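In case you want the letters, here they are:
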Amino acid sequence: MQITMTWFRGLNWFWIAAGLVLGGIVHITTILALPYLASSSAWTRLENATPINPLQILPPASPEVQLLPLMAPDVRYALCRYNVTDGPVIVRARLLDRSWSIALYTPHSLNFYAISGADLQRVNVTMIITQTAESEVTKIPLSKGARSSAITVAVPEPEGLLLLRAPLRSTAYLPMTESAFTEMSCGLAER
Amino acid sequence: MTFLANFIVFVSVALLTGLGSAWYMIEHGTRLTTDRIGPWIVWTAAGHADADPYTRAYVARSGRLPITSSGARYYLATVDDSGRKLDADCEYEVIGRGPTAEWWSLAAYDGEGQLMPNPADRYTFSSASILRDESGTYRIVLARQARPGNWLPVNSDYRVILFLRTYQPELIDEDVDSPAAKPDLPRIRRLQCR
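Residues numbered from 1 in each chain as written. Chains lettered and ligands numbered in written order. Predicted model: local features only at pLDDT ≥ 70, side-chain atom pairs only at ≥ 80, totals over all residues.

Regarding the overall build of chain A
Of regular secondary structure, chain A possesses seven helices and nine strands. Out of the 191 residues belonging to chain A, those deemed buried represent 38%. (Helix = DSSP H or I, 4+ residues; strand = E, 2+ residues; numbered from the N terminus. Buried ≥ 20, exposed ≤ 12 C-beta atoms within 10 Å, placed from the backbone.)

Notes on the domain arrangement of chain B
Segmenting chain B into domains produces domain 1 (1-30) and domain 2 (33-193). Taken together, the residues that form the side of domain 1 of chain B that touches domain 2 of chain B break down as two nonpolar, two polar and no charged. (Domains from an automatic or database assignment. Nonpolar A, V, L, I, M, F, W, Y, C, P; charged D, E, K, R; others polar.)

Focus on the interface of chain A and chain B
Taken residue by residue, the interface counts 51 residues in chain A and 49 residues in chain B. Contributions of two or more residues to the side of chain A that touches chain B are made by α2 (13-37), α3 (42-47), β4 (101-105), β5 (111-116) and β8 (159-167) of chain A. The greatest single-element share of the side of chain A that touches chain B, amounting to 15 residues, is contributed by α2(A). Across the side of chain A that touches chain B, the residue classes break down as 29 nonpolar, 18 polar and four charged. (Contact = placed C-beta atoms within 7 Å.)

So, the sheet that holds β8(A)
Residue and element names in this part refer to chain A. Spatially, five strands are ordered β1-β2-β8-β4-β5 in an open sheet, and the strand pairing comes out antiparallel. The sheet terminates laterally at β1 (55-57) and β5, the two strands that pair on one side only. In this sheet, neighbouring strand axes are inclined to one another by 20° on average, regardless of whether the strands run parallel or antiparallel. Pairing of β4 with β5, which is carried by five bridges, proceeds in the antiparallel orientation. Bridge pairing in β5 places leucine 104 opposite tyrosine 113. (Pairing = 2+ DSSP bridges. Axes fitted to C-alpha atoms, helices over the stretch in contact; angles between N-to-C directions.)

Focus: the packing of α2(A) against helix α2 (residues 53-62) of chain B
For the pair α2(A) and α2(B), the least separation of the axes is 8 Å and the interaxial angle reads 40°. On the basis of their axis angle, the class for α2(A) and α2(B) is oblique. The chirality of how α2(A) crosses α2(B) is left-handed. Where α2(A) abuts α2(B), its residues Ile31(A), Leu32(A), Leu34(A) and Pro35(A) lie against Pro53(B), Tyr54(B), Arg56(B), Ala57(B), Ala60(B) and Arg61(B). Classifying every residue of the contact of α2(A) with α2(B) by side-chain character gives eight nonpolar, no polar and two charged. (Parallel < 35°, antiparallel > 145°, perpendicular 65-115°, else oblique. Left-handed = near helix turned anticlockwise from the far one by under 90°.)

A closer look at α2(A)
Over its 25 residues, α2(A) extends 34 Å from the first C-alpha to the last, a length consistent with the 36 Å expected when each residue adds 1.5 Å. The principal kink in α2(A), of about 30°, is found at Ile31(A), preceding the proline Pro35(A) by one to four residues. Gly19(A), Gly23(A), Val26(A), His27(A), Ile31(A), Leu34(A) and Pro35(A) are the residues of α2(A) that are buried. Here the buried face of α2(A) lies against α1 (3-27) and α2 of chain B. (Expected span 1.5 Å × (residues − 1). Bend = angle between axes of the 7 residues up to and from the residue.)

Describing the confidence of the model for chain B
For residues with low pLDDT, the predicted coordinates do not support detailed interpretation. Counting all residues, the mean pLDDT for chain B is 87, and 92% of those residues have values of 70 or more. As scored by the predictor, the complex reaches a pTM of 0.86 and an ipTM of 0.83. (pLDDT = per-residue confidence, 0-100.)

So, the sheet that holds strand β7 (residues 151-154) of chain A
All names here are of chain A. Taken in spatial order, the four strands of this open sheet run β7-β6-β3-β9, and their pairing is mixed. Both edges of this open sheet fall to β7 and β9 (185-188), since each of them pairs with a single strand only. The average angle at which neighbouring strand axes cross in this sheet is 20°, direction not considered. As judged from the six bridges shared by strand β3 (residues 89-94) and strand β6 (residues 124-130), these two strands associate in the antiparallel manner. Looking across to β6, one finds that alanine 93 is bridged to valine 125.

Digging into the environment of Ala72(A)
In this structure, Ala72(A) sits in the loop between β1 and β2 (75-83). Classification of Ala72(A) by C-beta neighbours within 10 Å gives buried; the count is 22. Separated by 11 residues in the primary sequence, Ala72(A) and Ala61(A) place their C-alpha atoms 6.3 Å from one another. If we ignore the near neighbours within four places in the chain, the residues touching Ala72(A) are Ala61(A), Ser105(B), Ala107(B), Thr124(B) and Arg165(B).

Okay, here's the thing in structure tokens:
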């Protein structure tokens, strides 16, 4: 007890106050750096498991195969790890239900764009993911109908993730869902 | 006290307060970043393009890819209605009528967010697959052993996480501090423990 009191009396409170100030800086730095450094982020988990640009139909979540934490076993997912460095990426998808959705993420897990079947009010979607000027996008050969309805998304970073979610209303919808997935694509646009 | 001892105190205080508070803010959330509805926690800005730094850090660390909150809402429970940790050695009933959404599903995971293997190959109940009584109320029983009705098997050595995802939810202002303004989320009641 005597030793503890002596130790406390010997403390220089300036050092403790300075420690608290540095603690604040450590706190802010940690929070701001985590999206870029987290080894458990979705990008880190998917980077080596998925190729660049083709749309990949993910296996249904199960105890054996689950690429990301808390994935839904009753949602079917398709993923495109896009890279627009060499030009725009074009995505052709079908949203068969109001609850189906397409979401785009930066490598730091930031969802910067999302659209659902409820928003879209139509089934077929053509999406152009780009970092280039509008004039470059107009050079992409598209049918007149597809061009007029195409959604152009300007990405904040050249690389990112596109995730298509298709909740299953029941297993009876599974063949229709899988068939729709096989008709979808993601890849560099022809110019 | 020597310079070295003071320096050790300085570094210790800095790391403990800096890293400890950052861990707490991300692991538990606060009223600034999360809303608590009974045992359910929702990160209100998860999936928003203009999410605050704490939510961004939480999302990145979680390994999840949440979608913007107008299109989806995610509720996570690690405790029951009484605030006790969900334990795989206990049985729970999850009772409710909602939430109101185009589609929702409730799944059970282990502490790492992984689905738990079970002989029934059953991992989830959705708004389409759940059995309800005449009043529209459903009752899900979480248990290791099979139970009649909506049985959701749990098979973990330790923690259990319940995750409720809603797509195209009825938009409710969860910041309004009134029961009527809260989404209709199910209750989680402990039945018994082994």
